[in-house]
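Residue-level structural notes
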Amino acid sequence: MTRVAVLGGHGKTGRSVRAALEDRGATGVPLGRADWPDLVGALRGCAAAYLIAPNLYPDEPAYVAEALAAARSAGVGRVVLHSVASPYAPAMPHHLGKAAAEDLVRRAGLAWTVLQPGAYLQNLDLSGPVRIAYSADVPFGFADLAEVGAAAATVLLEDGHAGATYELATRVATVRELADEAGVPVEVVTPEAWAATDGAGLEPREREWLQAMFGYYDSHGLPVGTLPLRALLGGART
Ligand SMILES: NC(=O)c1ccc[n+]([C@@H]2O[C@H](COP(=O)([O-])OP(=O)(O)OC[C@H]3O[C@@H](n4cnc5c(N)ncnc54)[C@H](OP(=O)(O)O)[C@@H]3O)[C@@H](O)[C@H]2O)c1
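The rules we used
Residues numbered from 1 in each chain as written. Predicted model: local features only at pLDDT ≥ 70, side-chain atom pairs only at ≥ 80, totals over all residues. Heavy atoms only, no water. Helix = DSSP H or I, 4+ residues; strand = E, 2+ residues; numbered from the N terminus. Rg over C-alpha atoms; globule rule 2.2 N^0.38 Å. Contact = heavy atoms within 4.5 Å. Areas by Shrake-Rupley, 256 points an atom, 1.4 Å probe, with all protein chains shown as cover. Lys, Arg positive; Asp, Glu negative; His and termini not counted. Charge placed at Lys NZ, Arg CZ, Asp CG, Glu CD. Phe/Tyr/Trp six-rings, centres within 6.5 Å; stacked < 30°, edge-to-face > 60°. Lys NZ or Arg CZ within 6 Å of the ring centre and 35° of its normal. Polar contact = N/O pair within 3.5 Å; in protein donor to acceptor, adjacent residues only side chain to side chain. Near = heavy atom within 4 Å. Nonpolar A, V, L, I, M, F, W, Y, C, P; charged D, E, K, R; others polar. Expected span 1.5 Å × (residues − 1). Buried < 20%, exposed > 50% of the residue type's maximum accessible area, 1.4 Å probe, protein only. Pairing = 2+ DSSP bridges. Axes fitted to C-alpha atoms, helices over the stretch in contact; angles between N-to-C directions. Salt bridge = Lys/Arg side-chain N within 4 Å of Asp/Glu carboxyl O. Core = buried A, V, L, I, M, F, W, Y, C linked by side-chain atoms within 4.5 Å. Parallel < 35°, antiparallel > 145°, perpendicular 65-115°, else oblique. Left-handed = near helix turned anticlockwise from the far one by under 90°. Arc of directions from axis to C-beta.

Check the secondary structure of the protein and you find nine helices and ten strands. Taking 238 residues into account, the globule formula puts the C-alpha radius of gyration at 18 Å, and the protein, at 18 Å, falls close to it. Based on the C-alpha atoms only, the size of the protein along its principal axes is roughly 50 × 40 × 25 Å. Relative to all contacts within the protein whose residues are 6 or more apart in sequence, the contacts with residues 24 or more apart total 76%. Accessible area for the protein stands at about 10,600 Å²; split by element, carbon and sulfur atoms hold 53% of it. One finds the centroid of the 19 positive side-chain charges in the protein at a distance of 6 Å from the centroid of its 26 negative side-chain charges.

Here it is as structure tokens:
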């Protein structure tokens, strides 16, 4: 059975990727903090590795560089980076970390693919009032986590994706449109009000990076095209 290492595999993204791998008859091996002391040993015997950095990780390029070096030493043939839509937007520090990580992946000397998902649909809890710290009327390319997992399984297990970068979105919508469909109200608060409430328990750096992201979202949203994901999912069904 094909074994695929999923770094960050215990998180919500990693669980979705592992479920999709299992659906395709492969085994997703979750690797987390406990595996880093012997990452080379943990990666040995894996045909491919899916690289997910922890959310808002302070030094994503260093995390990815270490993973790439271990993948090379372990003889892993293929790596896929879980990046983000618009990684090169200078206003968002955690996006820039992913842009630098993408560059490392492209120059690692391994067969590589980069996936750039938009904001997850599952980020929004539509079971009650939705509270956000940016405009409710800007466009997002939202990505469904199960579909992101299925697309990841496709590029990990099938040939023809080496050297490709795919942005991933399930649908384009505003937060207000999603809330209206769910029949729930939207409350827009200022980033400062968010920092004093929902963001109060975060580390100052995480709070600052999220506030920067909200500022960008407020002006531009995070539009993402839906065609690449549709094509990848179509391929999985044939
Ligand atoms: N949320 C979105 O809308 C969205 C959209 C696009 C991209 N993304 C990106 O998706 C990625 C994954 O997000 P997520 O929420 O699924 O991940 P997460 O739950 O924050 O983290 C994934 C795993 O990383 C491991 N981990 C934590 N600290 C670590 C460390 N110091 N060294 C090694 N491993 C560590 C943990 O596993 P253990 O407990 O096993 O150590 C954790 O389960 C992020 O990079 C995020 O930017 C998110």
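Following the criterion strictly, the structure yields eight aromatic pairs and no others. Across the ring face of Trp209, the terminal group of Arg205 is positioned such that the distance to the ring centre comes to 4.5 Å.

Let us look at the side chain of Thr226. Note on placement: Thr226 falls in the loop between α8 (204–220) and α9 (227–237). Looking at Thr226, its side chain comes within polar contact range of the side chain of Arg230, at 3.1 Å. Residues contacting Thr226, with those up to four places away along its chain left out, are Ala169, Thr170, Arg171 and Val172.

Moving on to the site of the ligand. In the vicinity of the ligand there are 23 residues, among which His10, Thr13, Arg33, Lys98 and Asn123 approach most closely. Backbone polar atom of Ala53 to an oxygen atom of the ligand: 2.7 Å apart, as the coordinates give it. Contact between the ligand and Asn123: an oxygen atom at 2.7 Å from a side-chain N or O atom of the residue. Compared with its free state, where it exposes 940 Å², the ligand has 80% of that area covered by protein. Grouping the amino acids of the shell around the ligand by side-chain chemistry returns ten nonpolar, ten polar and three charged.

Turning next to helix α5 (residues 145–157). When the terminal C-alpha atoms of α5 are compared, their 18 Å separation across 13 residues agrees well with the 18 Å that a helix rising 1.5 Å per residue should span. Residues of α5 that are buried: Leu145, Val148, Gly149, Ala151, Ala152, Ala153, Thr154, Val155 and Leu156.

On to the sheet that holds strand β3 (residues 48–51). With respect to topology, six strands assemble into an open sheet ordered β2-β1-β3-β4-β5-β8, the strand pairing being parallel. Two strands lie at the open edges of the sheet, namely β2 (27–31) and β8 (164–168), each paired on one side alone. Neighbouring strand axes in the sheet, compared pairwise and without regard to direction, differ in orientation by 20 degrees on average. Pairing geometry for strand β1 (residues 3–7) and β2, over five bridges, is parallel. Paired with Arg3 across the bridge in β2 is Thr27.

Moving on, we come to the pattern of salt bridges. For the structure shown, the criterion picks out nine salt bridges. The salt bridge partner of Arg24 is Glu158, with a shortest N-O separation of 2.5 Å. Of the two residues, Arg24 sits in the loop between α1 (12–23) and β2 while Glu158 sits in the loop between α5 and β8, which places them 134 residues apart along the sequence. Counted as one network, the salt bridges with shared partners bring together Arg131, Glu187 and Asp198.

One finds Phe140, Phe142, Val175 and Tyr217 to be the most contacted residues of the largest nonpolar core, which totals 31 residues. When residues in this core are grouped by element, the largest group, six residues, is from α8. In this view, Phe142 contacts Ala119, Tyr120, Leu121, Leu124, Ala169, Thr170, Arg171, Ala173, Thr174, Val175 and Leu178; residues no more than four positions away in its chain are not counted. One finds Val64, Ala67, Ala108 and Val114 within the second-largest nonpolar core, a separate group that totals 28 residues.

Glancing now at the packing of α1 against α5. Between two packed helices, what matters for the description is the angle formed by their axes and the separation of those axes. Where α1 contacts α5, the two axes come as close as 8 Å, and the packing angle between them is 55 degrees. In terms of orientation, α1 lies oblique with respect to α5. Regarding α1 and α5, the two cross each other, and that crossing is right-handed. When α1 is examined against α5, the residues Lys12, Thr13, Ser16, Val17, Ala20 and Leu21 are found in contact with a partner set consisting of Leu145, Ala146, Gly149, Ala150, Ala152, Ala153, Leu156 and Leu157. For the contact of α1 with α5, the class distribution of residues is ten nonpolar, three polar and one charged.

For helix α4 (residues 93–106), spanning 14 residues, the distance from its first C-alpha to its last is 20 Å, which sits close to the expected 20 Å at 1.5 Å a residue. His94, His95, Gly97, Lys98, Ala101, Glu102 and Val105 are the residues of α4 that are buried. Considered in projection along α4, the buried side chains sweep an arc of 150 degrees and stay on one side of the axis.

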